[in-house]
Amino acid sequence: DECYPAMSFPIKQFDQDGMMKVRRGEDWKRSHHNPMARTHRKPVHHTLDYYMQAARLFKARGLPTPLLWGHDHEGAYRQFPSSPQEIMWSILEHEGGFSLWQHCVMVFGAKAAVWAYNRIGDAIVLLFRILMLAVCFHYVDDYGGIEPAPSAESAFAAFANLGLLLSF
């Protein structure tokens, strides 16, 4: 009965192979969907400063030159249901006119999705640190770590295996 859609727009970017990729983005801010999410505190985002601080610690302790590793959680938001679904609508303009779409999963760009996914990211990082005894950070759905060169590839593989074990 009630539909409060967000307008969609194209997001054009190049993928890792240099090919143009067009993603759909929704204007959750102007559709007033974002204020519907209660956010009590800002989630932790591990920025470049975290990696730099870890690298300084490695150097100060005389450890081998550190290497960075990273993983992107592909389709991160599409793995979790969203609610309330009655407001999760988007209007997509295309060559034939307009079409109305309803989302059933968390959507990229919506404030609530970013806040909610960060809790998942925090849990994954905590599990990895405890189970693998390795350095790990995340910025929303991008994960990475810094390790001495001899163990960096092992940490990278261990993170990928943990993702498979957790079905991510």
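Refer to the structure above for everything that follows.
Residues numbered from 1 in each chain as written. Predicted model: local features only at pLDDT ≥ 70, side-chain atom pairs only at ≥ 80, totals over all residues. Heavy atoms only, no water.

A. Looking closely at the pairing of strand S4 (residues 89–94). The pairing of strand S1 (residues 6–14) with S4 spans two bridges and is parallel. Bridging from a neighbouring strand, Ala 6 pairs with Ser 90 of S4. The sheet contact formed by S4 and strand S5 (residues 97–102) spans six bridges and is antiparallel. Residue pairing in the sheet places Ile 91 in a bridge with Leu 100 of S5. (Pairing = 2+ DSSP bridges. Helix = DSSP H or I, 4+ residues; strand = E, 2+ residues; numbered from the N terminus.)

B. Highlighting the packing of aromatic side chains. Overall, the coordinates contain eight aromatic pairs when judged by the stated rule. Seen from their ring centres, Tyr 51 and Phe 137 are 4.9 Å apart, and the 70 degrees between their planes marks the pair as edge-to-face. Of this pair, Tyr 51 sits in helix H1 (residues 48–60) while Phe 137 sits in strand S6 (residues 137–139); the two residues are 86 residues apart in sequence, bridging distant segments of the chain. Neither Tyr 51 nor Phe 137 differs from the other in exposure class; each is buried. Site record: aromatic cluster; members linked through ring pairs are Trp 69, Phe 128, Tyr 143 and Phe 159. (Phe/Tyr/Trp six-rings, centres within 6.5 Å; stacked < 30°, edge-to-face > 60°. Buried < 20%, exposed > 50% of the residue type's maximum accessible area, 1.4 Å probe, protein only.)

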